[in-house]
Amino acid sequence: MMVSFCQGALLLSLAAAMAVYADMKVDCGPDFVTLLWTESRPQADTSLLRLGNCFPTSFSAGEAYFYVDLTDCNFRRLVTGDALVYSNDLTYVASADSYNLAFTHPVVCAYERPKDWYATIYDPVFKTYSLGDLQFNIGLMNDDFSGPAESTRFPLGSIIPIMASVVQETHQPLLLLLEECVAATTPELYPESTMYPIISNKGCLLESVSSRSKFEPRQKSSEIRLSLQTFTFAMGEEVFIHCKLLAWDPNGLDSTKKACHFVEGHGWELLDNLAQSNLCDCCESKCKSRRQRSVASEKHGMVHKAVIGPFTITDVNS
């Protein structure tokens, strides 16, 4: 959680309010960073840019734009003397057959350190009031979600049923959300891993915009079902889906705690309450964390990372 003093922090010369690095412009806000990369190389794919482990918030043929919190994307924090420095790397991961070489650019924001500020020893993002441990589960399912998938080969254009659940035991009732999912060809994510975003921006199902992918109606709050249409990624290779699962207070939904999918003719809809679909409006931009969150609200959830796979997407003609 970003400490409140940053609202009045002064940017040092190390990172001016708008620093220009050839094709890169960085704006260091009080607790966020915006970065605009203007691409000058021919045939470069701006979707392959990463700020730490974050995908671009938006991108086009010639530009990539990031709007991220300093607590996201694996920013590194260093306290030195009178300065509080946040650093990261903008990387370009080139494909094997690309004419454009991979590169890394440093991204640094520095702030004046208040005299009365001291680093905390441990400040977890999520906490929970409970007596027992949560058990998260996620996997490939059969067509009606009644059991495990009978095959791990899915023809292009078919539906991959995915279900995640959380066993709560003595915990208060929690709502399970998929905060982020990316497909990759490796069971671990590395900077050089080839990745394909599926869910991003704090619960926005990106794949629903251009396919039949959707969240299915809930059967219970502690599970979430996803019908994912196969896509042209790593055809014929082993594919793994890396997800960030979030068990959250069902009364605490906001633009960063949600499950949204795009419905043709209606736009973005909230899975759990159509009347609150305005929480999904940010799916076209950046779903920002609340600047001031009460201590109580942070104790109503827990996050867990999980991997599905391997499975294979096959050509229908093969």
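Relevant structure appears above.
Figured I'd write up the structure that's included with this text. (Residues numbered from 1 in each chain as written. Predicted model: local features only at pLDDT ≥ 70, side-chain atom pairs only at ≥ 80, totals over all residues. Heavy atoms only, no water.)

### Concerning the packing of aromatic side chains
Under the criterion given, the structure shown has seven aromatic pairs. With a centroid separation of 4.4 Å and 10° between ring planes, the pair formed by Tyr 196 and Phe 231 is classed as stacked. Placement of the pair is Tyr 196 in strand E14 (residues 195–200) and Phe 231 in the loop between strand E17 (223–229) and strand E18 (238–248), with a sequence separation of 35 residues. Ring-pair connections join several aromatic residues into one group, and the members of that group are Tyr 196, Phe 231 and Phe 233. Over the face of the ring belonging to Trp 248 we find Lys 257, whose NZ or CZ atom lies 4.7 Å from the ring centre. (Phe/Tyr/Trp six-rings, centres within 6.5 Å; stacked < 30°, edge-to-face > 60°. Helix = DSSP H or I, 4+ residues; strand = E, 2+ residues; numbered from the N terminus. Lys NZ or Arg CZ within 6 Å of the ring centre and 35° of its normal.)

### Notes on the state of the cysteines
Here the structure, examined in full by the defined rule, presents six disulfides. Each disulfide in the protein chain links cysteines that, numbered along the sequence, combine into the pattern 1-4, 2-3, 5-7, 6-11, 8-9, 10-12. (Disulfide = S-S within 2.5 Å.)

### A look at the sheet that holds strand E12 (residues 159–167)
A sheet is described by the order of its strands in space; here four strands give the open sequence E10-E12-E17-E16, paired in antiparallel fashion. Only two strands of the sheet have a single neighbouring strand rather than two, namely strand E10 (135–140) and strand E16 (214–215). Here seven bridges tie E12 to E17, and the two strands are oriented antiparallel to one another. Residue pairing for E17: Ala 164 is matched across the bridge by Ile 224. (Pairing = 2+ DSSP bridges.)

### Things to note about the nonpolar core
Counting 48 residues, the largest nonpolar core has Leu 178, Ile 198, Phe 215 and Ile 241 as the members making the most contacts within it. The leading source of residues in this core is E18, at seven residues. The residues touching Leu 178, leaving out its near neighbours within four places in the chain, are Ile 138, Ala 164, Ile 199, Gly 203, Phe 215, Ile 224, Leu 226, Cys 243, Lys 244 and Leu 245. Of all hydrophobic cores here, the second largest spans 25 residues; its members include Val 33, Phe 75, Tyr 86 and Leu 90. (Core = buried A, V, L, I, M, F, W, Y, C linked by side-chain atoms within 4.5 Å. Buried < 20%, exposed > 50% of the residue type's maximum accessible area, 1.4 Å probe, protein only. Contact = heavy atoms within 4.5 Å.)

### Some details on the pattern of salt bridges
Scanning the model with the defined rule gives five salt bridges in all. A salt bridge links Lys 202 to Asp 72; the nearest nitrogen and oxygen atoms lie 3.8 Å apart. Placement of Lys 202 in the loop between E14 and strand E15 (204–205) and of Asp 72 in the loop between strand E6 (63–69) and strand E7 (76–80) is noted, with a sequence separation of 130 residues between them. Note that Arg 218 is salt-bridged to Asp 272, the shortest N-O span being 2.4 Å. (Salt bridge = Lys/Arg side-chain N within 4 Å of Asp/Glu carboxyl O.)

### A look at unusual backbone geometry
Omega for the bond connecting Gly 309 with Pro 310 falls within 30 degrees of zero, at 10°, which places this linkage in the cis form. Here Pro 310 shows up in strand E21 (residues 301–314). Residue Asn 74 is not a glycine yet carries a positive backbone phi of 65°. Of note in this structure, Lys 202 is not a glycine but carries a positive phi near 60°. Take Lys 202: its relative accessible area is 17%, and that puts it in the buried class.

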